[in-house]
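Commentary on secondary and tertiary structure
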Amino acid sequence: MVLIIYSQMSIKLTKIKKSDLPFFLKWWKDQDLITLTSGNFDEPDEKLPGYFFKMIESKKDHHYIIQYDEKTIGHLALKHKDSNTFEITIVIGEKEYWNKGIGIKAIKKALLLGFNKLGYLKSYLEVRPENIRAIKAYESCGFVKKGLKKYPKNRYQPVTLKMVLNKISPKLKI
Ligand SMILES: CC(C)(COP(=O)(O)OP(=O)(O)OC[C@H]1O[C@@H](n2cnc3c(N)ncnc32)[C@H](O)[C@@H]1OP(=O)(O)O)[C@@H](O)C(=O)NCCC(=O)NCCS
């Protein structure tokens, strides 16, 4: 029997690179992931490489690969909103790695980076209100529910829950 001790797991955020494209082509076409996220990538296949290269060449945003034991398992981004504020997005695309505490550890690494290295003061994210696993993971890092945002023209995601976290919040857990 193989015993995997996830508390000793090695999780890294590494800078995204062009050769990561095949992972994104797979994740962006995965219906489970589309249902849990914004659905923005439910697009024709030929558009996706262009979207990927535009994304990774952004001068303002910071895109990372989530690596678990050197394996590429997901994508985490810190998106610049203004000089004080960044948005976090996270997708663990390899589903066998869900629910093992990896998301919480990756988000905490991103908060350390955003608040302590990049100098931001506030973080926020938007999540589907029914995505309980994601909401629990964000709460475990200190995010609090701010309220619902409506996007009546977005057929994939007409409503999101906004969650926020300040660098000086007593709830911040990193
Ligand atoms: C959301 C995501 C990043 C979370 O990462 P993860 O590694 O799976 O989550 P973790 O194991 O770190 O934490 C999950 C938390 O949810 C809880 N949880 C999981 N399933 C749950 C359920 N059905 N009901 C209630 N709580 C649940 C876990 O107990 C844990 O909370 P705890 O630490 O307080 O016990 C990851 O699952 C993912 O990428 N999912 C697909 C894409 C997605 O939803 N992205 C977020 C879009 S906003």
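Before any of the text, the structure's been laid out above.
Reference entry: report on the structure contained in this document.

Each value, and the rule that gives it
- Residues numbered from 1 in each chain as written.
- Predicted model: local features only at pLDDT ≥ 70, side-chain atom pairs only at ≥ 80, totals over all residues.
- Heavy atoms only, no water.
- Buried < 20%, exposed > 50% of the residue type's maximum accessible area, 1.4 Å probe, protein only.
- Helix = DSSP H or I, 4+ residues; strand = E, 2+ residues; numbered from the N terminus.
- Arc of directions from axis to C-beta.
- Contact = heavy atoms within 4.5 Å.
- Polar contact = N/O pair within 3.5 Å; in protein donor to acceptor, adjacent residues only side chain to side chain.
- Pairing = 2+ DSSP bridges.
- Axes fitted to C-alpha atoms, helices over the stretch in contact; angles between N-to-C directions.
- Parallel < 35°, antiparallel > 145°, perpendicular 65-115°, else oblique.
- Left-handed = near helix turned anticlockwise from the far one by under 90°.
- Nonpolar A, V, L, I, M, F, W, Y, C, P; charged D, E, K, R; others polar.
- Salt bridge = Lys/Arg side-chain N within 4 Å of Asp/Glu carboxyl O.
- Near = heavy atom within 4 Å.
- Areas by Shrake-Rupley, 256 points an atom, 1.4 Å probe, with all protein chains shown as cover.
- 1 Å grid on protein atoms, 1.4 Å probe; cavity = no way out; pocket = protein on both sides within 12 Å on 5 of 7 lines; lining within 4 Å.
- Sits in = over half its atoms within 2 Å of the grid points.

**Here we look at helix H5 (residues 132-141)**
What H5 keeps buried is the set Ala 134, Ile 135, Ala 137, Tyr 138 and Cys 141. Across the axial projection of H5, the buried residues extend over an arc of 160°, all falling on one side. Residues of H5 that are exposed and angled more than 90 degrees away from the buried face: Ile 132 and Lys 136. In this fold, the buried residues of H5 make contact with strand E4 (85-92), helix H4 (102-117), strand E5 (122-127), strand E6 (144-150) and strand E7 (159-166). Just beyond H5, the residue with positive phi is Gly 142, at close to 115°.

**Section: the side chain of Thr 160**
Note that Thr 160 resides in strand E7. Note on Thr 160: relative accessible area 1%, which makes it buried. A distance of 2.7 Å separates the side chain of Thr 160 from the side chain of Glu 126, its partner in a polar contact. Residues contacting Thr 160, with those up to four places away along its chain left out, are Glu 126, Val 127, Pro 129, Gly 147, Leu 148, Lys 149 and Tyr 151.

**Regarding the sheet that holds E6**
An order of E1-E2-E3-E4-E5-E7-E6 is seen for the seven strands of this open sheet, with the pairing classed as mixed. Each edge of the open sheet is held by one strand with a lone partner, namely strand E1 (11-15) and E6. Sheet twist, expressed as the mean angle between neighbouring strand axes with direction ignored, is 30°. In this structure, strand E3 (residues 71-82) lies alongside E4, joined through eight bridges in antiparallel fashion. Considered in E4, the bridge of Ala 77 is made with Thr 89. Of the strands in this sheet, E1, strand E2 (62-68), E3, E4, E5 and E7 touch H4, which is tilted by about 155° from E4. This element, H5, spans E4, E5, E6 and E7 of the sheet and lies at about 15° to E7.

**Overview of the packing of H4 against H5**
Close contact between H4 and H5 brings their axes to 9 Å; oriented N to C, the two are set at 45°. Considering their axes alone, H4 and H5 lie oblique with respect to each other. In the packing of H4 onto H5, the handedness of the crossing is right-handed. Counting all contacts with H4, which are made through Ile 104, Ile 107, Lys 108 and Leu 111, the residues of H5 involved are Ala 137, Tyr 138, Ser 140 and Cys 141. Here the residues of the contact of H4 with H5 sort into six nonpolar, one polar and one charged.

**Side note on the pattern of salt bridges**
Evaluated as defined, the whole model comprises ten salt bridges. Between Lys 81 and Glu 87 there is a salt bridge; the shortest N-O distance is 3.7 Å. Across the salt bridge formed by Lys 145 and Glu 139, the nearest N and O atoms sit 3.9 Å from each other. One connected set of salt bridges, linked through shared partners, spans Asp 30, Asp 32 and Lys 95.

**Observations regarding the site of the ligand**
Around the ligand there are 23 residues in total, and Ile 92, Asn 99, Gly 101, Gly 103 and Asn 131 lie nearest to it. Between an oxygen atom of the ligand and a main-chain N or O atom of Ile 104, the distance comes to 3.0 Å. For the ligand, the protein covers 73% of the area, taking 960 Å² as the surface of the free molecule. In this structure, the ligand is accommodated by the largest pocket. Where the shell around the ligand is concerned, the elements lending two or more residues are helix H2 (31-36), E4, H4, E5 and H5.

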